[in-house]
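If you want the building blocks of each chain, they are given just below.
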Amino acid sequence: MLSSAILSSMFCFASAARHLSFTKAAEELHLTQSAVSHRIKKLEEQLGFKLFLRFNRRLQLTDQGQGLLAVLDSSLGDLDGAIRDLRQQEFTSSVRIAVPHSFARCWLAERLGDLHSKYPKMTLQVRAQSRTTDFQNEKVDVAVYYDTPARLHLHQQVLFGETLVPVCSKEYAEEHNLWQNPEALANCLLLHDESAWRGAANYDEWTYWAKEAGLTSLNVTHGFIFNRSDLAYRAAMSGQGVALGRWQMVAPQVEKGNLVVPIDAFVPSQQSYLTVCHPDRRDVPAIKAMFDWLAFQAEQSQELMMKHKQLLSFS
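The structure contained in this document is the topic of the report that follows. This is a predicted model, so every value here is computed, not measured.

## So, helix H10 (residues 229–237)
Ser 229, Asp 230, Ala 232, Tyr 233, Ala 235 and Ala 236 are the residues of H10 that are buried. One or two steps after H10, the chain reaches Gly 239, where phi turns positive at roughly 85°.

Here it is as C-alpha cells:
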C-alpha cells in the first residue's frame, strides 16, 4: 500500500507532468517551486527511476514518466467518477417517505411521475400511515404530517394550509335539501375521521367546523366514523352521507363532479400539511431534494385549488 507521502508526491508529479513545469505545478498546488522539485526528486528515489529529463528552462518526461502519468490519469479519472457517484448516492438509493393515507391517495400519488422525471435514479418507498414517525428507530427519511407546526420538535416545512367544507354526492344533496341550507345537516348522516389530527377525538373536526361556521346548535356527535378521511370521502361519493372535506384533498373530486359542495362555508383549518425529517438529516441531498420537490408541488397545488374555488363560486 502506498504511503500518504508517496500519494501526495504523485499528485505533485501529475501536475508537473501536465504542465511540464515545476513552477506552474507549484502555482497550481500552492507550493514553492523548490518544494515541488524536492518532492519529485524524493519520489524518483523511492520509485527507483527518473520521471523527468531536466533541461535548461524545460522538462521532458522519460518513458517511465509517461507510463506513470497514463496510469495516474486513468486512476484519477476513476477516483473523480467515484467521488461523483458518492455525492449522488442519495439520489440513486431509496428514499423512504411516510404520509397520511388520505394525502397519499388524494394528493401525492398523482404527482409522482414528475418526481421520477426530475430524479430518474431515485427509488421512492411510500408508506401510508396515520401515526407519527419515530425517526430514531424507523427506516423513514421524510414524513408528511397534518398537524400544528409549533408543537413539533423536528425539522419542518409548511407545505400548505387547509380549508374545511362539507361535501357529498349531488344526489344526496338534492335528496336532503342541502343546497345552501346548513340546518338540513341535522337530518344527514355525518361521516367522521376518528383522528383528523394528532390527539383529535372522533367528532372534533366536525365540531370545530360547526363552531367556526356559526352553527353552534348543530349536533355533530353522531354518524359513521372512519379511521381514514379518504374512506369518509369515498362513502360520501357513493351517496352514503356528508363528509367534512379538506379542500386540498377533495377539490379534484369536486371538479370531476363526484362530490359537490352544497353549503358554501369554507373554514380555515388550524392544522397544516408539513414536511418533516430528523434535524440531523435536513442537509442530506436526497432529503433536501424531496423537501424542495414537495414545496414546488404544493405551490402548484395552491394555485389550482384557488382556481377550483373560484369556479365553484360561479357555478
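## Re the pairing of strand S2 (residues 58–61)
Here S2 shows one buried face, formed by Leu 59 and Leu 61, and one open face, formed by Arg 58 and Gln 60. For strand S1 (residues 52–55) and S2, the ladder comprises four bridges, and the chain directions are antiparallel. Residue pairing for S2: Leu 53 is matched across the bridge by Gln 60. Hairpin connection of S1 to S2: two residues between the antiparallel strands, including Arg 57 at a positive phi of 70°.

## Remarks on the sheet that holds strand S7 (residues 190–193)
Read across the sheet, eight strands follow the order S4-S3-S5-S10-S6-S9-S7-S8 without closing on themselves; strand pairing throughout is mixed. The sheet is open, and its two borders are formed by strand S4 (123–128) and strand S8 (224–226), each paired with just one other strand. Pairwise comparison of adjacent strand axes, ignoring direction, gives a mean angle of 25° for this sheet. Pairing of strand S6 (residues 155–167) with strand S9 (residues 242–246), which is carried by four bridges, proceeds in the antiparallel orientation.

## With respect to unusual backbone geometry
A positive phi angle, close to 70°, is found at Arg 57, a residue other than glycine. Assessed through its relative accessible area of 84%, Arg 57 is described here as exposed. Although it is not a glycine, Asn 177 sits at a positive phi angle of roughly 55°. For Asn 177, a relative accessible area of 51% puts it in the exposed group.

## Overview of the nonpolar core
The biggest cluster of nonpolar side chains holds 65 residues, and the ones touching the most others in it are Phe 103, Leu 178, Leu 185, Trp 209, Val 242, Met 290 and Leu 294. Sort the elements by how many residues they give to this core and helix H12 (residues 285–314) lands first, with seven residues. When residues no more than four places from it in sequence are discounted, the contact partners of Trp 209 are Leu 164, Val 165, Pro 166, Leu 185, Leu 215, Leu 218, Leu 244, Ala 265 and Val 267.

## Topic: the packing of aromatic side chains
Here the distance between the centres and the angle between the planes together describe a pair of aromatic rings. Overall, the coordinates contain nine aromatic pairs when judged by the stated rule. Here Phe 160 and Tyr 273 contribute two aromatic rings whose centre-to-centre distance is 5.1 Å and whose plane-to-plane angle is 55°, an arrangement assigned as tilted. Here Phe 160, found in strand S6, pairs with Tyr 273, found in strand S10 (residues 267–277); they are 113 residues apart in sequence, far enough to count as distant. Since its relative accessible area comes to 2%, Phe 160 is described here as buried. We classify Tyr 273 as buried; its relative accessible area is 1%. Each residue in the set Phe 103, Trp 107, Tyr 146, Phe 160 and Tyr 273 is aromatic and connected to the rest through ring pairs, giving one cluster.

Conventions we followed
- Residues numbered from 1 in each chain as written.
- Predicted model: local features only at pLDDT ≥ 70, side-chain atom pairs only at ≥ 80, totals over all residues.
- Heavy atoms only, no water.
- Buried < 20%, exposed > 50% of the residue type's maximum accessible area, 1.4 Å probe, protein only.
- Helix = DSSP H or I, 4+ residues; strand = E, 2+ residues; numbered from the N terminus.
- Pairing = 2+ DSSP bridges.
- Axes fitted to C-alpha atoms, helices over the stretch in contact; angles between N-to-C directions.
- Core = buried A, V, L, I, M, F, W, Y, C linked by side-chain atoms within 4.5 Å.
- Contact = heavy atoms within 4.5 Å.
- Phe/Tyr/Trp six-rings, centres within 6.5 Å; stacked < 30°, edge-to-face > 60°.

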